[in-house]
Amino acid sequence: MEACRDEGFFVQCIQHQLRGRLGRAMAGKDRLFRRRAEPDGAERRHSADEAVGQHGHSLQGPAEKDAAKPRDVEAAQLRHHVQRVGGVGMIPDDAAMDGIDPEIQRAALAAEVFWPCEIYYHAPADVRDGLIHALLSAEYSSAASNLMSCLAMQGDDKAMETLLELERNPRPWRKGLYVDPSSYAQIGGWTFDKEGQKIQLNFDTCYPMVKGTTSEKSPVRIGRAREDTCPHCGGRMVDMLVLDGRDERLKFLGLDGILTATCCPNCVGFLKGPAFNSFTLDGGVEVFPSELFDGAEKTDCYVSPEDYKALTENPFVLGEAPVPLFYGAACQDVNTVGGFANWVQDAEYTTCPHCGKPMKYLAQIQWDTVFDCAEGTLYVEFCPDCHIVSMLHQQT
């Protein structure tokens, strides 16, 4: 069978991003990436923020005890760190599959490189404390936005306590952001409730869907044909994901049976909110009623018979071995189960319509991998307690 992307391609994607960012930081040209920042009318970034990476460390004051201090990093030393991430094959064989060398993280903090935030995934305590100190010293929403994203990726209990405190006692820069710190936590695959309880939103294992054959046995299938039709467009409904959690590779999901995610591939992108269905572990499905976003009762079906055939006869099967957690997040043309998603827009975790809790991210399906002339990504989430699935569509 043929993998859509091998791990070397994934590593090259991440290495290329880190090399570019750290390289520009050395040259004094780095700028903080604005994510989920100011709505219309909010303050522009202060000129002090524009100087980050040029004239000192405007986002960090004197370091706290035990915090990682911004330090003068010799160009040669930082270049060595860049090469370690940027050179293909230069990461040691015994390095953690989903980890980044803490020295890289320390160098990024010292150079005030805060994007991509994935650099700081599970960073050590001294780096976390440096991020917290920088965040608590931030004056402007653009800087706070980046730093909260980084802290979300670090993701330990102290990171959560910091974001919780900022949610309960907002700083002035909160007025320049669209969402609360609990929403920023979702970038790291978790969030917290009003009582301060941490809620995990993704899984710490990721498997790819790879090209096999339509006759090949697989515990996961994308696009199983159905006979019922959509009430909005009259097109055929499709089981977009059929997953048997009893397979040894999928034990991490905690599903002792079959999960089925069913929707109309034509209308799922035109709905007011996600598509929902309940599932039973013996393969049963009940599709929930839905509304089109514009309030209309009917719409045209744009999925041709040829598209339905391609979708329901695609060759994807579950890969034999796990891949890094960010494998699916690093590429726009891979289908994955578990790990992190490649959100076209912002991370979006559905609220379970039954229990009101955030649902867990399960899988992503790139539309253009299963039929031609399609755009965007279908994200599948589920509530393990209520056995309810949501499917939501994002595109540029």
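Residues numbered from 1 in each chain as written. Predicted model: local features only at pLDDT ≥ 70, side-chain atom pairs only at ≥ 80, totals over all residues. Heavy atoms only, no water.

Here the distance between the centres and the angle between the planes together describe a pair of aromatic rings. Applying the stated criterion across every chain, the model contains 14 aromatic pairs. Considering the side-chain rings of Tyr207 and Phe252, the 6.3 Å spacing of their centres and the 15° angle between planes classify their relative orientation as stacked. Remark: Phe252 occurs in the loop between strand 5 (236-244) and strand 6 (258-263) and Tyr207 occurs in strand 3 (residues 206-211); sequence separation between them is 45 residues. Of the aromatic side chains, those joined through ring pairs into one cluster are Phe203, Tyr207, Phe252 and Phe382. Seen from the ring of Trp190, Lys198 lies directly overhead, with NZ or CZ sitting 4.7 Å from the centre. Lying over the aromatic face of Phe203, Lys360 brings its terminal NZ or CZ to 3.9 Å of the ring centre. (Phe/Tyr/Trp six-rings, centres within 6.5 Å; stacked < 30°, edge-to-face > 60°. Helix = DSSP H or I, 4+ residues; strand = E, 2+ residues; numbered from the N terminus. Lys NZ or Arg CZ within 6 Å of the ring centre and 35° of its normal.)

Read from one edge of the open sheet, 8 strands run 8-7-13-12-11-10-3-9, paired in antiparallel fashion. Each edge of the open sheet is held by one strand with a lone partner, namely strand 8 (285-287) and strand 9 (316-318). On average, adjacent strands in this sheet sit at an angle of 20° to one another, irrespective of strand direction. Relative to strand 10 (residues 336-338), strand 3 runs antiparallel, the two sharing 3 bridges. (Pairing = 2+ DSSP bridges. Axes fitted to C-alpha atoms, helices over the stretch in contact; angles between N-to-C directions.)

On to the sheet that holds strand 6. Strand order in the open sheet formed by 3 strands is 4-5-6, with antiparallel pairing between adjacent strands. Every other strand in the sheet has two partners, leaving strand 4 (220-229) and strand 6 as the edge strands with one partner each. Neighbouring strand axes in the sheet, compared pairwise and without regard to direction, differ in orientation by 30° on average. As defined by bridge partners, strand 5 adjoins strand 6 across 6 bridges and the pair is classed as antiparallel. For Val242, the partnering residue across the bridge sits in strand 6 and is Thr260.

Of all residues in the protein, 75% have pLDDT values of 70 or greater, and the mean over the chain is 82. In this model residues 2-7 is a low-confidence stretch, pLDDT under 50, and it forms 18 contacts with partners more than four residues away in sequence or in other chains. Segment residues 25-97: pLDDT under 50, and 146 contacts once partners within four positions in sequence are set aside and those in other chains are kept. (pLDDT = per-residue confidence, 0-100. Contact = heavy atoms within 4.5 Å.)

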